[in-house]
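# Chains, contacts and geometry: an overview
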Amino acid sequence: MSVPHTGPAPALSIAAIEDADTADVIALWRRCGLTRPWNDPAADIALARKQQNAAVLAGRDGSDVVASVLVGHDGHRGWVYYVAVDPDHRHKGFGRVIMDAAENWLRVRGIEKLQLMVRPDNSQVQAFYQSLDYFEQERIVYAKWLDGREPTP
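The present account deals with the structure reproduced in this document. (Residues numbered from 1 in each chain as written. Predicted model: local features only at pLDDT ≥ 70, side-chain atom pairs only at ≥ 80, totals over all residues. Heavy atoms only, no water.)

### A few points about the overall build of the protein chain
- Within the protein chain, the secondary structure is distributed over four helices and five strands.
- For the protein chain, the N- to C-terminal ordering of α and β elements is β-α-α-β-β-β-α-β-α.
- Taking 2.2 N^0.38 as the reference for a compact globule, 153 residues should give roughly 15 Å; the C-alpha atoms of the protein chain span a radius of gyration of 15 Å, in line with that estimate.
- Across its three principal directions, the C-alpha atoms of the protein chain cover 45 × 35 × 35 Å.
- The buried share of the protein chain, reckoned over its 153 residues, is 34%.
- In the protein chain, once contacts between residues fewer than 6 apart in sequence are set aside, the share between residues at least 24 apart is 64%.
- About 10200 Å² of surface is accessible on the protein chain, with carbon and sulfur atoms providing 51% of the total.
- Taking the average place of the 17 positive charges on the side chains of the protein chain and the average place of its 20 negative ones, the gap between the two points comes to 3 Å. (Helix = DSSP H or I, 4+ residues; strand = E, 2+ residues; numbered from the N terminus. Rg over C-alpha atoms; globule rule 2.2 N^0.38 Å. Buried < 20%, exposed > 50% of the residue type's maximum accessible area, 1.4 Å probe, protein only. Contact = heavy atoms within 4.5 Å. Areas by Shrake-Rupley, 256 points an atom, 1.4 Å probe, with all protein chains shown as cover. Lys, Arg positive; Asp, Glu negative; His and termini not counted. Charge placed at Lys NZ, Arg CZ, Asp CG, Glu CD.)

### Topic: the nonpolar core
- Judged by nonpolar contacts, the single largest core of 23 residues is most densely connected at Leu57, Val69, Val71, Val80, Val83 and Met99.
- Among the secondary structure elements, those contributing two or more residues to this core are strand E2 (54-61), strand E3 (64-73), strand E4 (78-85) and helix H3 (94-108).
- Of all the elements, H3 adds the most residues to this core, at eight residues.
- With residues near it in sequence (within four places) discarded, Val80 still touches Val69, Leu70, Val71, Met99, Ala102, Leu114, Gln115 and Leu116.
- Counting 15 residues, the second largest nonpolar core, distinct from the first, contains Ile17, Ala54, Val56 and Ala84. (Core = buried A, V, L, I, M, F, W, Y, C linked by side-chain atoms within 4.5 Å.)

### Structural notes on the packing of H3 against helix H4 (residues 123-131)
- In contact at an axis separation of 11 Å, H3 and H4 are set at 65° when each is read in the N-to-C sense. Along this stretch, H3 crosses H4, giving a crossing that reads as right-handed. Contact with H3, carried on its side by Gly95, Arg96 and Met99, involves Phe128, Tyr129 and Ser131 of H4 and no other residues of that element.
- Looking at the contact of H3 with H4 residue by residue, the classes come out as three nonpolar, two polar and one charged. (Axes fitted to C-alpha atoms, helices over the stretch in contact; angles between N-to-C directions. Left-handed = near helix turned anticlockwise from the far one by under 90°. Nonpolar A, V, L, I, M, F, W, Y, C, P; charged D, E, K, R; others polar.)

### Things to note about the side chain of His89
- Note that His89 resides in the loop between E4 and H3.
- His89 sits in the buried class, given a relative accessible area of 17%.
- Here the side chain of His89 touches Lys92 through a polar contact of 3.0 Å, side chain to side chain.
- Contacts of His89, omitting those with residues within four sequence positions, involve Asp61, Val66 and Phe94. (Polar contact = N/O pair within 3.5 Å; in protein donor to acceptor, adjacent residues only side chain to side chain.)

Here you go:
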């Protein structure tokens, strides 16, 4: 078992992805188990990249993409999705670094609150966000597929 990172934040180069990074980011998301059959990651990336209120940020260790986040806002609240750290690079503080980058991206745009969703059975990820001073808010999430698909889990 790895020991959690407790020292100073490691250096990662953080930047919005370019076209050439898309395949690497999707591969990272798949290695981290973040993709779902009902969400096309390439379409999610394309949609985020064409908007002014969203970006996909990549964290690089040298030339390797080892962390990522899709960050955006609705003009009122910020949201993050696809927060990922390569399994071979976990417990080095990279999760904190990529979340700091997402938070800063939102702050620059005047967004004061960041929200995110975690599946109830994902206790490891819940503990990660709690370690970053996120707190659980009691909410019920409703969803509807506008293209007529059946509800997804």
